[in-house]
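# Structure assessment
So you can see what is in the structure, the chains are spelled out below.
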Amino acid sequence: MIELRQVSKDFGSGSQQVHAVRDVSLSIAKGEIFGIIGFSGAGKSTLVRCMNLLERPTAGTVTVDGQELTALPARELRQARKKIGMIFQHFNLMPSRTVFGNVAYPLRGSGLSKQEIREKVQRLLDLVEIGDKAGAYPRQLSGGQKQRVAIARALANDPSVLLCDEATSALDPQTTKSILHLLRQLNETMGITVVVITHEMAVVKEICGRVAVMEGGRVAEEGEVFSIFAAPKEPITQSFIRTTSNLQKIEELIAQDSPIARLRPGELIVRLTYVERNPAEPIISEASLRYGVVLNIIFADIEIIQGAPIGGTVAIIGGEREKVTAAVAYMIERNVGVEVLKDARDAV
C-alpha cells in the first residue's frame, strides 16, 4: 500500500541545513497497522508528512496504492491525497465550526448533495461513537471526543490509508486505550491501512503488527513488534524497551544496595527474558526441580504482544555452585535470555 524508496528530506541550506530524513526505504502492506517510533527529533513526523507529500521529499520516491505521488502533477496529487486521511496530536479542529461542520468540511466539492453529506457525516459520527455531538463545538468536547471528531473527518473521503501523527500523545491512558481500540476496529472492519507515529512504546505494543525504529532521520531497526521486543538489536531500540519494562529497576536496587538485592554466598541475581512466541514449557520450575536449586523470583513483567507472552523475571538463584551453573545453562539451552547481574558464587 505504501512504498518509500530512499526518501530524504532536508531543511535549510549550507551550514544551517538539517537532514530530517535520510535515505529511508519502507514497504507497508495493505491492511497493516504499522508503527514508526523514535525519540523527539528522530524524523518520524517529517517522514509521515512525506507519505502524503505535505512535505515533498528532497530525494526518493513515495508510492501509495500504486500511484507514485512524487511524480504526480499538482491537480492529480490533490485527488490522490484525498485517499490518505491524517489525524494529529492536537486534533486541528476548526473552533468556529460545529462537530458536524468539521466532519463535513472535506466533502466540499465532492459532488454529494446536502442530504447525502448530512447522512454521511452522521454515519461517520455514529461510527466513532459520538453521534449525539453533531451540534456541539470543539470547546465543549473532551480530548478523546475531539480526537474522535478528527478521525471521523479523516474518514470523510473514504481513505485507503490513515496516518496518525502522535494521535494519542495529548490524551490520558484510558482515553488513549479507547482511541487505539477504535483505530484497530476501523482497520479490521474497513481494511484501512494505518500508520502510527509515536514516541510511546506502549502504543506500538497495543496496536501495531510491525514497527520501524527511527534515530537521526534513519530507520535503525525494523521488524515484527514481538521480535523487536523479544530481541532488540540496536542500542536505540534497547533504550526504548528499557523505558517500558520494570525489569530494569533491578540495576537501581543493586546500585542502592537494597536489602532485596543482597546475596548470600553461592547466590546470583539473574534477569530472565523470554524470546520465543510460545514459552509453554515451565522452564523456571523445571530448572529448580531438575538441578535442586532455590529460585526466588523478586519481580516479573510479563505481557501479551501479538497474542504471545513476552517479558521476563528477575530472580535470585541459590544452591551448590555446580548446580546453579547447570541450571543457568539449562535455561539458556531452552532459549531463555539469561543475564547475570550480581554473582556471589565465588563467595562460597
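Further up the page is the structure itself.
This section reports on the structure supplied with the text. These numbers come from a predicted model, not from an experiment. (Residues numbered from 1 in each chain as written. Predicted model: local features only at pLDDT ≥ 70, side-chain atom pairs only at ≥ 80, totals over all residues. Heavy atoms only, no water.)

### A short note on the overall build of the protein
The following threshold applies: Runs of E in the DSSP output that reach at least two residues are strands. Runs of H or I that reach at least four are helices, and both are numbered from the N terminus. We call a residue buried when its accessible area falls under 20% of the maximum for its residue type, exposed when it is over 50%, and partly exposed in between, using a 1.4 Å probe and counting protein chains only. Contact definition: two residues touch when any of their heavy atoms are within 4.5 Å. Residue exposure ignores everything except the shown protein chains as possible cover, and the areas themselves are Shrake-Rupley values with a 1.4 Å probe. In this count, Lys and Arg are taken as positive residues and Asp and Glu as negative ones, while His and the chain termini are left out. A charge is said to be at NZ when it belongs to Lys, at CZ for Arg, at CG for Asp and at CD for Glu.
Along its length, the protein carries 12 helices and 14 strands. Every one of the 348 residues in the protein was classed for burial, and the buried ones make up 46%. Contacts spanning at least 24 positions in sequence make up 68% of the contacts within the protein whose residues lie at least 6 apart. Element-wise, carbon and sulfur atoms account for 49% of the exposed surface of the protein, whose accessible area totals about 16700 Å². Computed over 41 positive and 40 negative side-chain charges, the inter-centroid distance for the protein is 8 Å.

### Topic: the sheet that holds strand S11 (residues 268-274)
What holds strands together in a sheet is hydrogen bonding between their backbones, with the strands either parallel or antiparallel. Selection rule: Strands were regarded as paired on the criterion that DSSP finds at least two bridges between them. All axes here are fitted lines through C-alpha atoms, helices being fitted over the stretch that makes contact, and every angle between N-to-C directions spans 0 to 180 degrees.
Read across the sheet, four strands follow the order S12-S13-S11-S14 without closing on themselves; strand pairing throughout is antiparallel. Two strands close off the open sheet at either side, each with one partner strand: strand S12 (294-305) and strand S14 (336-343). Taking the axes of each pair of neighbouring strands and ignoring which way they run, one obtains an average angle of 15 degrees across the sheet. Pairing analysis gives seven bridges linking S11 to strand S13 (residues 308-318), with the strands arranged antiparallel. When the bridges of S13 are listed, Thr273 appears paired with Gly312. Against the sheet, helix H12 (residues 321-333) makes contact with S11, S13 and S14, and its axis sits at roughly 150 degrees relative to S14, the strand it touches most.

### Focus: the packing of helix H5 (residues 143-154) against helix H6 (residues 173-190)
Convention followed: Under this scheme an angle from 65 to 115 degrees is roughly perpendicular, one under 35 degrees roughly parallel, and one over 145 degrees roughly antiparallel; angles in between are oblique. Throughout, a crossing is termed right-handed when the near helix is turned clockwise from the far one, and left-handed when it is turned anticlockwise from it by less than a right angle. Classification convention: Asp, Glu, Lys, Arg as charged; Ala, Val, Leu, Ile, Met, Phe, Trp, Tyr, Cys, Pro as nonpolar; all other residues, Gly among them, as polar.
Where H5 contacts H6, the two axes come as close as 10 Å, and the packing angle between them is 20 degrees. As judged from the angle between their axes, H5 and H6 are roughly parallel. Taken as a pair, H5 and H6 cross one another with a handedness that is right-handed. Side by side, H5 and H6 meet where Gly144, Gln147, Arg148 and Ile151 of the first sit next to Thr175, Ser178, Ile179, Leu182, Leu183 and Leu186 of the second. Looking at the contact of H5 with H6, its residues break down into five nonpolar, four polar and one charged.

### Thoughts on the nonpolar core
Threshold: For our purposes a nonpolar core is just a set of buried Ala, Val, Leu, Ile, Met, Phe, Trp, Tyr and Cys residues, chained together by side-chain atoms within 4.5 Å.
With 55 residues, the main nonpolar core has Ile87, Leu125, Ile151, Leu183 and Ile207 as its most contacted residues. Not counting the four nearest positions on each side in its chain, Leu125 is found in contact with Val99, Val103, Ile130, Gly131, Ala134 and Ala152. In this structure, Cys50, Ile197, Ala212 and Met214 belong to the second largest nonpolar core, which totals 31 residues.

### Here's the deal with the pairing of strand S7 (residues 161-165)
As a reminder, the rule being used: Here the term right-handed applies to a crossover when the path leading from its first strand over the helix to its second strand runs clockwise, the strands being oriented away from the viewer.
Of all five residues in S7, five are buried, a share of seventy percent or more. Where burial is concerned, the two faces of S7 agree: the one with Val161, Leu163 and Asp165 and the one with Leu162 and Cys164 are both buried. Here strand S6 (residues 84-88) runs beside S7; their pairing, made up of five bridges, is parallel. Each residue of the ladder has a partner; that of Met86, found in S7, is Leu163. The β-α-β motif built from S7, the intervening H6 and the parallel element strand S8 (residues 193-198) has right-handed crossover chirality.

### Some words on the sheet that holds strand S5 (residues 67-68)
Strand order in the open sheet made by the four strands is S2-S1-S4-S5, with antiparallel pairing throughout. Bordering the open sheet on either side are strand S2 (18-28) and S5, each of which pairs with just one other strand. Sheet topology note: the strand S1 (residues 2-11)/S2 ladder contains seven bridges and is antiparallel. Bridge pairing in S2 links Val7 to Val24. Across the sheet, helix H1 (residues 44-51) is in contact with S1, S2 and strand S4 (59-64); its angle to S1 comes to roughly 120 degrees.

### Here's the deal with the packing of helix H11 (residues 283-291) against H12
Remark: H11 packs on H12, axes separated minimally by 9 Å, with the N-to-C direction vectors making an angle of 145 degrees. With respect to the hand of their crossing, H11 and H12 are arranged in right-handed fashion. Contact residues: H11 offers Ile283, Glu286, Ala287, Arg290 and Tyr291, while H12 offers Lys323, Ala326, Ala327, Tyr330 and Met331. Here the contact of H11 with H12 is composed, by residue class, of seven nonpolar, no polar and three charged.

### Details of the side chain of Glu55
Along the polypeptide, Glu55 turns up in the loop between H1 and S4. Ignoring anything within four residues of it in the chain, the contact list for Glu55 reads Lys9, Phe11, Arg49 and Cys50.

### Side note on the packing of aromatic side chains
Stated precisely, the cut-off is as follows: Any pair of Phe, Tyr and Trp rings, taking the six-membered ring for Trp, is counted once the centres come within 6.5 Å. Such a pair is stacked with planes under 30 degrees apart, edge-to-face with planes over 60 apart, and tilted for the rest. For a lysine, the NZ atom is tested; for an arginine, the CZ atom; a charge sits over a ring if that atom is within 6 Å of the ring centre and within 35 degrees of the ring normal.
For the structure on display, the rule yields two aromatic pairs. With a centroid separation of 4.1 Å and an interplanar angle of 10 degrees, the aromatic rings of Phe39 and Phe240 are classed as stacked. Taken as a pair, Phe39 in the loop between strand S3 (33-37) and H1 and Phe240 in helix H9 (residues 235-244) lie far apart in primary sequence, 201 residues in all. Phe240 sits in the buried class, given a relative accessible area of 1%. The ring of Tyr105 has Arg108 sitting right over it, with the charged end atom 3.7 Å from the ring centre. It is Arg139 that lies over the ring of Tyr137; its NZ or CZ is 5.0 Å from the centre.

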